[in-house]
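One-letter residues, chain by chain:
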Amino acid sequence: KNYYGGNWASFSFSGLLSWIKENQQKTDVGECEDWRKLILENEEVISLNKTDKTIEHVEEFCFSNQDSAEDVEEAGALSKLHVFGSSGAEGAAQESEKERAPTGSASPGAESWEPEKAAGSDPASATERNDTEITSESESSHNTALGESTLELGKTEAAPSEISTQEPKKITYSQIVREGRRFNIDLVSKLLYSRGLLIDLLIKSNVSRYAEFKNATRILAFWEGKVEQVPCSRADVFNSRQLTMVEKRLLMKFLTFCLEYEQHPDEYQDYENSTFAQFLRTRKLTPSLQHFILHSIAMVSETDCSTLEGLQATKKFLQCLGRYGNTPFLFPLYGQGEIPQCFCRMCAVFGGIYCLRHSVQCLVVDKESGRCKAILDHFGQRISANYFVVEDSYLSESTCKNVCYRQISRAVLITDQSILKTDSEQQVSILRMPPVDLGQPAVCVIELCSSTMTCMKDTYLVHLTCPSTKTAREDLEPVVQKLFNLNTETEKESENEELGKPRVLWAVYFNMRDSSGIDRSSYDSLPSNVYVCSGPDSALGSDCAVKQAETIFQEMFPTEEFCPPPPNPEDIIYDEDELAPEDSGFNNSPETKPEPSPEEGSSGGGTAVEQEHNEG
């Protein structure tokens, strides 16, 4: 691929359009014809996939005015030669240095982002960051920077702005294209639980220094045909105008019980074989409270979730409240694709090398030991390896013939206003839409504002996700129609109710393979030193990925600590051998000191390694 992160990546708008085109065309990677000459008599090969088959049913729609959009170019975009040509990330870095405009202020922790990211999802992302709108003071005050041992957080309220009773601004397709680098569009939509495994890992490993976060400001519910805000913290409950005094007491009493439910087994033991929804009906809660708890707090299925699972989910939600704000969730500025990039950057600081546009054709296996001893790339180059860690999609059909995959349905929308308008435009909201029909999955809706650095001003980026039952469009369009106006600008509003809904300007639907939870034994004839990791799952958090990474690491290095805190740069002693690669001309900046600081790292683009500098 010519970008980092696989299915965890984030793209600018033009980058996403290229990704869409790529997945609609599905071209094979070229291969070296003479590779069999490199195989010895006592060796055999295991071929890998030539095409990525994890993305299907990609459908793109534009509802905004497309007049004269053909000749519009993304403002400040790199030439295609730099983004997709052989110069790769190196070219992007050089272009970045030329283009960077001087900035007078920066958001907290901005020094972590300059001069460019070590391993951004999109090679052009390095320059995208530099031109990105700088967070204003009012917005940056409620951004979150992960600190040494905790997350540092300013105000948690969203930045105040004028009450948006006026008509939303008309946004044309050409404006979206022109401002395309303001967008950071995630292929997978997730949030971070403030007491989840990923936050703990980011803090422990000090990878947090490379990231910045924003609170999810609202938990929403769809109740009786309209979107409402759900009070979930103690302060929210007592300040709520939508709940009666009796409902407030009932809700607080139930949430307090959920926090310590293990100490009161007599209250739920009789319902252990019931669903959580049935248990809620016995608790004297009003229908609206039952709905809020089930869909917006526990976020579980009405039909499949047991009482115990529901209580555990509710407790997890409540324990995450208040650590960094009024909701349990954080969102990384510039998109979810930043998270793998942050770990890549830490790895690069300590010598990790990343290569784009570099395919692995096959594994070379020693017949006697059955272990993978090397790989062959598409240049016909043989690279020795003690271990090979590979994402599921790279394995061939014959290796995966016994594997049964699930699918995730995804939609990404660019809209002109929020699904719940308030006196603040800068909201990060999560809404769990109940199933339209019985047996259908619930749909998770995450709406991002421009201060998350994922979309241009006066627009919102909306992610919809659910486990697939059909194609993504069939699964998600009924929800989109309930929440949004899908009329184009030239069409008259069909009904009065459409007037109040946010208008969709652009949309894409696609299905993504969910390869999580597959047992290793399902793969056919895998060498013992080949480790398979999955792509993203459909869950809201990232616990699955963190557990999987730690499990694989412990299998490879049972005596080592997983993601330990890195040493201070001044404590690192380098051997002459370790400095040799830099002395041999890989470093494209002669004035760089050999000892990297935390803000300096090497990142690979193509087969070159470039050294990053702290210009702070």
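Residues numbered from 1 in each chain as written. Predicted model: local features only at pLDDT ≥ 70, side-chain atom pairs only at ≥ 80, totals over all residues. Heavy atoms only, no water.

## Let's talk about the sheet that holds strand 2 (residues 43-47)
Strand order across the open sheet formed by four strands is 2-12-13-14, with antiparallel pairing between neighbours. Whereas interior strands pair on both sides, the edge strands pair on one side only; in this sheet they are strand 2 and strand 14 (382-384). Each strand axis lies, on average, 30 degrees off the axis of its neighbour in the sheet, ignoring direction. As paired strands, strand 2 and strand 12 (residues 360-366) are joined by five bridges and run antiparallel to one another. Looking across to strand 12, one finds that Ile46 is bridged to Leu363. (Pairing = 2+ DSSP bridges. Helix = DSSP H or I, 4+ residues; strand = E, 2+ residues; numbered from the N terminus. Axes fitted to C-alpha atoms, helices over the stretch in contact; angles between N-to-C directions.)

## Brief notes about the nonpolar core
Where a protein is soluble and globular, its nonpolar side chains tend to be buried together. Membership of the largest hydrophobic core comes to 73 residues, with the highest contact counts inside it found for Phe254, Phe276 and Phe329. If you tally residues by element for this core, the top one is helix 9 (residues 245-259), at six residues. Look past the residues within four positions of Phe276 in its chain and what remains in contact with it is Phe254, Ile293, Leu294, Ala298, Val300, Cys305, Ser306, Thr307, Gly310, Leu311 and Thr314. Counting residues in each nonpolar core, the second largest holds 25 residues, with Val227, Val462, Cys466 and Ala472 among its members. (Core = buried A, V, L, I, M, F, W, Y, C linked by side-chain atoms within 4.5 Å. Buried < 20%, exposed > 50% of the residue type's maximum accessible area, 1.4 Å probe, protein only. Contact = heavy atoms within 4.5 Å.)

## What about the environment of Val390?
Within the secondary structure, Val390 is located in strand 15 (residues 388-391). For the pair formed by Val390 and Ser534, sequence separation is 144 residues and the distance between their alpha carbons is 8.6 Å. With residues up to four places along the chain from it excluded, the contact list for Val390 reads Leu395, Val530, Tyr531, Val532 and Cys533.

## Focus: the packing of aromatic side chains
Per the stated rule, a full pass over the model turns up 21 aromatic pairs. When the centroid spacing of 6.4 Å and the interplanar angle of 25 degrees are considered together, the rings of Phe276 and Phe279 count as stacked. Remark: Phe279 and Phe276 occur in helix 10 (residues 276-281); sequence separation between them is three residues, near one turn of the helix. The burial state of Phe276 is the same as that of Phe279; both residues are buried. Among the aromatic side chains, those forming a connected cluster through ring pairs are Phe254, Phe257, Tyr271, Phe276 and Phe279. (Phe/Tyr/Trp six-rings, centres within 6.5 Å; stacked < 30°, edge-to-face > 60°.)

## Topic: the packing of helix 9 against helix 11 (residues 287-297)
In a packed pair of helices, the relevant descriptors are the angle between the two axes and the axis-to-axis distance. Across the interface, helix 9 lies against helix 11 with an axial gap of 11 Å and an inter-helix angle of 40 degrees. Regarding the angle of helix 9 to helix 11, the classification is oblique. The two elements helix 9 and helix 11 cross, and the hand of that crossing is right-handed. Touching Glu247, Leu250, Leu251, Phe254 and Leu255 of helix 9 are Ser288, Leu289, Ile293 and Ile297, all from helix 11. Tallied by class, residues from the contact of helix 9 with helix 11 come to seven nonpolar, one polar and one charged. (Parallel < 35°, antiparallel > 145°, perpendicular 65-115°, else oblique. Left-handed = near helix turned anticlockwise from the far one by under 90°. Nonpolar A, V, L, I, M, F, W, Y, C, P; charged D, E, K, R; others polar.)

## Observations regarding helix 12 (residues 307-320)
Its 14 residues place the ends of helix 12 20 Å apart at the C-alpha level, agreeing with the 20 Å of an ideal helix rising 1.5 Å per residue. Along helix 12, the positions that sit buried rather than exposed are Thr307, Gly310, Leu311, Thr314, Lys315, Phe317, Leu318 and Cys320. Check the buried side of helix 12 and you find it contacts strand 7 (192-193), strand 9 (218-223), helix 9, helix 10, helix 11 and strand 11 (329-332). The positive-phi residue at the C-terminal boundary of helix 12 is Gly322, with phi of around 85 degrees. (Expected span 1.5 Å × (residues − 1).)

## Regarding unusual backbone geometry
The phi angle of most residues is negative, glycine excepted, and most peptide bonds adopt the trans form. Located in the positive-phi region is His57, a residue other than glycine, with phi close to 50 degrees. Phi angles above zero are rare outside glycine, and Glu224 is one such case at about 55 degrees. Assignment of secondary structure puts Glu224 in the loop between strand 9 and strand 10 (226-229).

## Overview of the pattern of salt bridges
Enumeration according to the criterion identifies 20 salt bridges in this entry. Across the pair Lys1 and Asp52 runs a salt bridge whose closest N-O atoms are separated by 3.3 Å. Of this pair, Lys1 sits in the segment before strand 1 (10-11) while Asp52 sits in the loop between strand 2 and strand 3 (55-62), placing them 51 residues apart in sequence. For Lys1, a relative accessible area of 34% puts it in the partly exposed group. For Asp543, the salt bridge identified is with Lys316, shortest N-O distance 3.6 Å. Separated by 227 residues along the polypeptide, Asp543 in helix 16 (residues 543-556) and Lys316 in helix 12 bring together distant segments of the chain. By relative accessible area, Asp543 is classed as partly exposed at 22%. A relative accessible area of 33% means that Lys316 is categorised as partly exposed. (Salt bridge = Lys/Arg side-chain N within 4 Å of Asp/Glu carboxyl O.)

## Notes on the packing of helix 7 (residues 197-205) against helix 13 (residues 338-349)
Their axes nearest at 12 Å, the elements helix 7 and helix 13 cross at an angle of 25 degrees. With respect to each other, helix 7 and helix 13 are oriented roughly parallel. For the element pair helix 7 and helix 13, the recorded crossing hand is left-handed. Contacts between helix 7 and helix 13 involve Leu198, Leu201, Leu202 and Ser205 from the former and Ile339, Phe343 and Met346 from the latter. For the contact of helix 7 with helix 13, the class distribution of residues is six nonpolar, one polar and no charged.

## A look at the sheet that holds strand 3
Taken in spatial order, the eight strands of this open sheet run 3-20-16-19-18-17-9-10, and their pairing is mixed. Whereas interior strands pair on both sides, the edge strands pair on one side only; in this sheet they are strand 3 and strand 10. In this sheet, neighbouring strand axes are inclined to one another by 20 degrees on average, regardless of whether the strands run parallel or antiparallel. In terms of strand pairing, strand 18 (residues 443-448) meets strand 19 (residues 460-467) through five bridges, oriented antiparallel. Residue pairing in the sheet places Leu448 in a bridge with Leu461 of strand 19.

## Structural notes on the side chain of Ser451
Structurally, Ser451 is set in the loop between strand 18 and strand 19. Here Lys214 takes part through its side chain, which lies 3.0 Å from a polar atom of the side chain of Ser451. Within polar-contact distance, the side chain of Ser451 engages the side chain of Gln426 at 2.8 Å. (Polar contact = N/O pair within 3.5 Å; in protein donor to acceptor, adjacent residues only side chain to side chain.)

## Focus: the pairing of strand 8 (residues 212-215)
Covered by surrounding structure in strand 8 are Glu212 and Lys214 together with Phe213 and Asn215, the residues of both alternating faces. As paired elements, strand 8 and strand 11 share three bridges and run antiparallel to each other. Looking at strand 11, one finds that Asn215 is bridged to Leu330.

## Points about the environment of Arg323
Turning to its location among the elements, Arg323 is positioned in the loop between helix 12 and strand 11. We classify Arg323 as partly exposed; its relative accessible area is 23%. Taking the C-alpha atoms as reference, Arg323 lies 6.6 Å from Ser194; in sequence the two are 129 residues apart. Not counting residues up to four positions away in its chain, the partners in contact with Arg323 are Ser194, Arg195, Ile199, Asp200 and Ile203. Separated by 3.0 Å, the side chains of Arg323 and Tyr324 make a polar contact.

## Some remarks on the environment of Ile339
Inspection of the secondary structure assignment puts Ile339 in helix 13. What makes Ile339 buried here is its relative accessible area of 5%. For the pair Ile339 and Val207, spaced 132 residues apart in sequence, the C-alpha separation works out to 9.1 Å. Not counting the four nearest positions on each side in its chain, Ile339 is found in contact with Leu192, Leu198, Leu202, Phe213 and Pro332.

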